[in-house]
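# Structure at a glance
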Amino acid sequence: MSNAVVLDDDVMEPTLQSILDQKTLRWIFVGGKGGVGKTTTSCSLAIQLAKHRKSVLLISTDPAHNLSDAFNQKFGKDARLVNGFDNLSAMEIDPNGSIQDLLAGQGEAGEEAMAGLGGMGNMMQDLAFSIPGVDEAMSFAEVLKQVKSLSYEVIIFDTAPTGHTLRFLQFPTVMEKALAKVSQLSRQFGPMLNSFLGGGGRLPNGQNIDELVEKMESLRATISEVNTQFKDAELTTFVCVCIAEFLSLYETERMIQELNSYEIDTHAIVVNQLLFPSKENPCEQCNARRKMQRKYLEQIGELYEDFNVVKMPLLVEEVRGKEKLEKFSEMLVKPFEPPE
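First, a word on scope: everything that follows refers to the structure included in this document. (Residues numbered from 1 in each chain as written. Predicted model: local features only at pLDDT ≥ 70, side-chain atom pairs only at ≥ 80, totals over all residues. Heavy atoms only, no water.)

## Description of helix α11 (residues 246-261)
When the terminal C-alpha atoms of α11 are compared, their 23 Å separation across 16 residues agrees well with the 22 Å that a helix rising 1.5 Å per residue should span. Within the span of α11, buried status applies to S248, L249, E251, T252, M255, I256 and L259. Mapping the buried residues of α11 onto a view down its axis gives an arc of 160°, with all of them on the same face. Residues of α11 that are exposed and point more than 90 degrees away from the buried face comprise F246, L247, Y250 and S261. Trailing α11 by a residue or two, E263 shows a phi angle of about 65°, which is positive. (Helix = DSSP H or I, 4+ residues; strand = E, 2+ residues; numbered from the N terminus. Expected span 1.5 Å × (residues − 1). Buried < 20%, exposed > 50% of the residue type's maximum accessible area, 1.4 Å probe, protein only. Arc of directions from axis to C-beta.)

## Describing the packing of aromatic side chains
Tallied over the entire structure, the rule returns 9 aromatic pairs. Consider the rings of W27 and F230, whose centres lie 5.4 Å apart with planes at 80°: the pair is edge-to-face. Of this pair, W27 sits in strand β1 (residues 27-31) while F230 sits in helix α10 (residues 209-230), and the two are 203 residues apart along the sequence. Residue class for F230 comes out buried when judged on its relative accessible area of 2%. An angle of 45° between the planes, with centres 5.1 Å apart, marks the rings of F276 and F336 as tilted. You can see F276 sitting in the loop between β7 (268-274) and α12 (284-303) and its partner F336 sitting in the segment after α13 (322-333), a full 60 residues away along the chain. A network of ring pairs unites the aromatic residues W27, F29, F157, F230 and F238 as a single cluster. Sitting over the ring of W27, R26 keeps its end group 5.4 Å from the ring centre. The lysine or arginine in question, K322, covers the ring of F85, its NZ or CZ lying 5.1 Å from the ring centre. (Phe/Tyr/Trp six-rings, centres within 6.5 Å; stacked < 30°, edge-to-face > 60°. Lys NZ or Arg CZ within 6 Å of the ring centre and 35° of its normal.)

As far as function goes, none of this settles anything; it's purely spatial.
In structure tokens:
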């Protein structure tokens, strides 16, 4: 089910207003090819959402974190309020998390626990890492931890370039499989390990084997719940960001097809970096590029007539800092009017 806004003449409104109006939305993903302005778009969307929601969390899952640069403020793995806002927080997650953290606690304690398990620990680790996309899945486990401890109305993901994003969206399914296998092994070998370890079957970090299995089952249930939410258009949507060029358009189409196969709603496309030279502009390159962009905009219009297509101009300066992001964000909800 699409929640896009439709005008009276059945032409889709060229703004992201429908996302702001949809109060049921809990998860919003922003993604596309590298260098198309995903971070600027996700920051701007978060700023607009902060006007309509009690609390908004913006998360970067891109290894080349840009949130700190965009807001001129350092963010880390813990949610932190964005300067100048009392209901917008941001965090940057390293997607290369470690499976030990998930299986046996955090940091050194986790490594010690794995070492204590000997061959069994290595087998668990190898098994978990053999499942494609487990590194992205690990970063999602980190997100869940934050989301469960802090109550946000809506969460926006500034995702990595397309390939990573598509794997990232598979993470709930991936984690369900990984945890099912690991907990199955734990159940099979648990009694033997309890006997081997002695002292009530405690690992070096003091955790009991049975407690570990219970922890994994609990996490699997949570991830399963989120997996269901991702496939609900009332709760989740994906905003595609692109530029009016062949490769970006091709990648956007591929991404939309995959999102449909994952049953994830998408009905909005932001086309960035558009040139609007004045009619008297003597710049040949500008006019030639605008002509090329028009051609791809026509294709986008034909391909995505049932999408909200937002056209954003190429600006003469970088969109960095709260004020410039706020100004840019206005164009996501009020269509840009090119000069005559």
